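What the coordinates show
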Amino acid sequence: MEIWINPACSKCRSAISLLDAEGADYTVRRYLEDVPSEDEIRDVLDRLGLEPWDITRTQEAAAKELGLKEWARDETSRDRWIKALSEHPKLIQRPIITAEDGTAVVGRSEEAVRDALSR
């Protein structure tokens, strides 16, 4: 199991605390420092069953600068979104937990973290 975190994020810290309390075996990836490649983002999206716009933090300054709210949300725009997430990792929703069964969850709630633990 791997968890993508920003240490400054309270949701990330809560997820880590829950994983620790449950004795989970996991690896921490500080994704702002160890930026995921476009291929890694595609893989995580496949595991999540989501599209890039589903995991984009559209209220971030970089999102506003890029005008993401006006970007199309369709198959032809998918690569553009993925490239933006790779170039601006702060836009990636957090924390993302990759589960042992090959799936992933956005662990913003205790229920989502527990869901990852049960997989």
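These lines cover the structure that appears in this document, whether it is placed above or below. (Residues numbered from 1 in each chain as written. Predicted model: local features only at pLDDT ≥ 70, side-chain atom pairs only at ≥ 80, totals over all residues. Heavy atoms only, no water.)

Some remarks on the overall build of the protein chain
A count of helical and extended segments in the protein chain gives five helices and four strands. Secondary structure of the protein chain in N-to-C order comes out as β-α-β-α-α-α-β-β-α. In summary, the protein chain has a C-alpha radius of gyration of 14 Å against a globular reference of 14 Å for 119 residues, a match within 12%. Projecting the C-alpha coordinates of the protein chain onto the three principal axes gives extents of approximately 40 × 25 × 25 Å. Within the protein chain, buried positions represent 45% of all 119 residues. Counted over contacts in the protein chain with a minimum sequence separation of 6, partners at least 24 positions apart contribute 62%. Put simply, the protein chain shows about 6,300 Å² of open surface, and 42% of that area lies on carbon and sulfur atoms. Averaging the locations of the 18 positively and 25 negatively charged side chains of the protein chain gives two centres separated by 7 Å. (Helix = DSSP H or I, 4+ residues; strand = E, 2+ residues; numbered from the N terminus. Rg over C-alpha atoms; globule rule 2.2 N^0.38 Å. Buried < 20%, exposed > 50% of the residue type's maximum accessible area, 1.4 Å probe, protein only. Contact = heavy atoms within 4.5 Å. Areas by Shrake-Rupley, 256 points an atom, 1.4 Å probe, with all protein chains shown as cover. Lys, Arg positive; Asp, Glu negative; His and termini not counted. Charge placed at Lys NZ, Arg CZ, Asp CG, Glu CD.)

Quick word on helix α2 (residues 38–48)
Along α2, the positions that sit buried rather than exposed are I41, V44, L45 and L48. When α2 is viewed along its axis, its buried side chains cluster within an angular range of 100° and face the same direction. Structural note: α2 exposes D39 and D46 on the side pointing more than 90 degrees away from its buried face. Looking at the buried side of α2, the elements it contacts are β1 (2–5), α4 (78–87), β3 (96–98) and β4 (104–106). Backbone geometry just downstream of α2 places G49 in the positive-phi region, at approximately 75°. (Arc of directions from axis to C-beta.)

A look at the sheet that holds β1
An order of β2-β1-β3-β4 is seen for the four strands of this open sheet, with the pairing classed as mixed. Strand pairing shows two members of the sheet lacking a second neighbour, β2 (27–30) and β4, which therefore form its edges. When strand polarity is set aside, the average angle formed by the axes of neighbouring strands in this sheet is 20°. Pairing analysis gives three bridges linking β3 to β4, with the strands arranged antiparallel. Opposite T98, over in β4, you have A104 as the bridge partner. Across the sheet, helix α1 (residues 10–21) lies against β1 and β2, angled at about 155° from β1, the strand it touches most. (Pairing = 2+ DSSP bridges. Axes fitted to C-alpha atoms, helices over the stretch in contact; angles between N-to-C directions.)

Some thoughts on the environment of Q59
Here Q59 shows up in the loop between α2 and α3 (61–66). Considered as a pair, Q59 and K69 are ten residues apart in the sequence and their alpha carbons are 9.2 Å apart. In contact with Q59, not counting residues within four places along its chain, are K64 and K69.

Here we look at unusual backbone geometry
With an omega of -10°, the peptide bond between R94 and P95 qualifies as cis. Here P95 shows up in the loop between α4 and β3.

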